[in-house]
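A look at the structure
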Amino acid sequence: MRMTPLPGPFGIAVDGIDLERDQSETTIRALIEALHEHQILVVRGQSLSNERYVAFGRNFGRPLSFFIQSHVRNDHPEMIRIGNAAATPARYRDGAMHWHSDSSYEDEPASVTMFYGIEAPAVGGETLIASTVLAYDALDDATKARIDSLAALHCLGGSPELPGEKIPAMAEEIARNGIKRHPLVMRHPVTGRKAIFTSGTAFGAEGLEKEEGRALIDELRRHITSPRFVTRYKIGVGDLFLWDNFQTLHSATPIEYSDEPGKRRLLYRISTKGLPPLCAAPS
Ligand SMILES: [Fe+2]
């Protein structure tokens, strides 16, 4: 197994392992540690069956069930289809083109999200990722003290939009999910490192006036997404790309919706909740 830093301020790439054959405890433990340390991880050159991919996903927690049923495979409901087919309905296009952390609109946010690359377009379709631990570390002490014990309020589509963002308004889903409360500063359940947790769903903070809370969320989201904390990655064929939702925000970038060869994208996403079983059990 060879590990190489990704270009940019954080992230690590791994080569020289075959996860179809080897998901031993030693290998999985090394990948979990690499993800927790570097916030994003790409394992390159994979050729995975659906069964082995799902088994790999379970090493990081409990796969969540996604709320858009048409994106979920019938034979493997853990796998969420991310594509750019020309027939994609307008309401599902560019749904992730805003800075967020997955499932922050639920009681228990997702801990890890991973993608397996099947097809990649020649142009476009990159993912932006921001490190919320690096962003937290860079705050001055007064701001850390101000936000450390605050709870943020979240609902789907709630955050103030940053320039270039498209936060989808999904009235039905918003009504169903309601408002959730999460710590504004998340202490990582394994590493203990602190990170700012705002996602694209935070719209205020408990105990603050509405406008003051909204302004604080806006200020923190602008800080997190400043270029020094941001990297970009284009998921290629055979890539297994993972991010730690407790230490990052991510955003999709524009992609053409097309069925033409060379323009198609097909990724399978698995997101998990809770700890990796290897971290939960005493070693
Ligand atoms: Fe996402």
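A quick note: this is a predicted structure, and the numbers were derived from the prediction, not measured.

**Quick word on the coordination of the iron ion**
Taken together, the protein donors to the iron ion comprise His-100 (NE2), Asp-102 (OD) and His-250 (NE2), at separations of 2.2 Å. Sequence spacing of the donors to the iron ion: H-x1-D-x147-H. When sorted by exposure, His-100 lands in the same class as Asp-102, which is buried.

**A closer look at the pattern of salt bridges**
Inspection of the entire model under this criterion finds 20 salt bridges. Residues Asp-102 and Arg-269 are paired through a salt bridge, measuring 4.0 Å at the closest nitrogen-oxygen approach. Of this pair, Asp-102 sits in the loop between strand S5 (80-83) and strand S6 (112-119) while Arg-269 is found in strand S16 (residues 266-273), placing the two residues 167 residues apart along the sequence. When sorted by exposure, Asp-102 lands in the same class as Arg-269, which is buried. Residues participating in the shared-partner salt-bridge network are Glu-256, Glu-260 and Lys-263.

**Here we look at the packing of aromatic side chains**
Tallied over the full model, the rule gives 5 aromatic pairs. Look at Tyr-53 and Tyr-116: their rings are 5.6 Å apart centre to centre, the planes differ by 50°, and that puts the pair in the tilted class. You can see Tyr-53 sitting in helix H2 (residues 50-58) and its partner Tyr-116 sitting in strand S6, a full 63 residues away along the chain. Residue class for Tyr-53 comes out buried when judged on its relative accessible area of 1%. Looking at Tyr-116, the relative accessible area reads 7%, which means it is buried. Arranged with centres 6.1 Å apart and planes meeting at 75°, the rings of Phe-241 and Trp-243 form a pair that is edge-to-face.

**Observations regarding the sheet that holds strand S8 (residues 151-154)**
Spatially, S9-S8-S12 is the arrangement adopted by the 3 strands of the open sheet, whose pairing is antiparallel. Where the open sheet ends on each side, the last strands, each with one partner, are strand S9 (180-183) and strand S12 (202-205). Direction aside, neighbouring strands of the sheet carry axes that sit 35° apart on average. Sheet analysis places S8 next to S12, joined by 3 bridges and oriented antiparallel. Bridge assignment links His-154 to a residue of S12, and that residue is Ala-202. Against the sheet, helix H6 (residues 210-224) contacts S8 and S12, and its axis sits at roughly 125° relative to S12.

**Here's the deal with unusual backbone geometry**
One non-glycine residue, Gln-39, lies in the positive phi region at around 75°. Looking at the secondary structure, you find Gln-39 in the loop between helix H1 (25-38) and strand S3 (40-43). Residue Gln-39 is classed as buried on the basis of its relative accessible area, which comes to 3%. Phi at Ser-103 takes a positive value of approximately 60°, unusual for a residue other than glycine. Classification of Ser-103 as buried rests on a relative accessible area of 4%.

**Comments concerning the environment of Ala-86**
You can see Ala-86 is positioned in the loop between S5 and S6. A residue is classified by how much of its surface remains accessible, and Ala-86, at 38% relative accessible area, is partly exposed. Spatially, the C-alpha atoms of Ala-86 and Ala-135 are 37 Å apart, while their sequence positions differ by 49 residues. Setting aside residues up to four positions removed in sequence, Ala-86 forms contacts with Arg-93, Tyr-257, Ser-258 and Asp-259.

**Brief notes about the side chain of Ser-131**
For Ser-131, the location among the structural elements is in strand S7 (residues 127-131). Residue class for Ser-131 comes out buried when judged on its relative accessible area of 0%.

**A few points about the environment of Phe-67**
Of note, Phe-67 is situated in the loop between strand S4 (62-63) and S5. Residue class for Phe-67 comes out partly exposed when judged on its relative accessible area of 23%. As a C-alpha pair, Phe-67 and His-38 span 29 residues in sequence and 29 Å in three-dimensional space.

**Notes on the nonpolar core**
Soluble, globular proteins show a tendency: their nonpolar side chains are buried together. Among the nonpolar cores identified, the biggest contains 25 residues, and Leu-41, Tyr-53, Phe-56, Leu-240 and Leu-242 are the most heavily contacted of them. Among the secondary structure elements, those contributing two or more residues to this core are strand S2 (12-15), H1, S3, H2, S6, strand S14 (240-244) and S16. With 5 residues, the top contributor of residues to this core is H1. Not counting chain neighbours up to four residues away, the residues in contact with Leu-242 comprise Leu-35, Gln-39, Ile-40, Leu-41, Phe-56, Phe-60, Val-112, Thr-113 and Met-114.

Definitions and limits used
Residues numbered from 1 in each chain as written. Predicted model: local features only at pLDDT ≥ 70, side-chain atom pairs only at ≥ 80, totals over all residues. Heavy atoms only, no water. Donors = N, O, S within 2.8 Å, 3.2 Å for Na, K, Ca; no water. Buried < 20%, exposed > 50% of the residue type's maximum accessible area, 1.4 Å probe, protein only. Salt bridge = Lys/Arg side-chain N within 4 Å of Asp/Glu carboxyl O. Helix = DSSP H or I, 4+ residues; strand = E, 2+ residues; numbered from the N terminus. Phe/Tyr/Trp six-rings, centres within 6.5 Å; stacked < 30°, edge-to-face > 60°. Pairing = 2+ DSSP bridges. Axes fitted to C-alpha atoms, helices over the stretch in contact; angles between N-to-C directions. Contact = heavy atoms within 4.5 Å. Core = buried A, V, L, I, M, F, W, Y, C linked by side-chain atoms within 4.5 Å.

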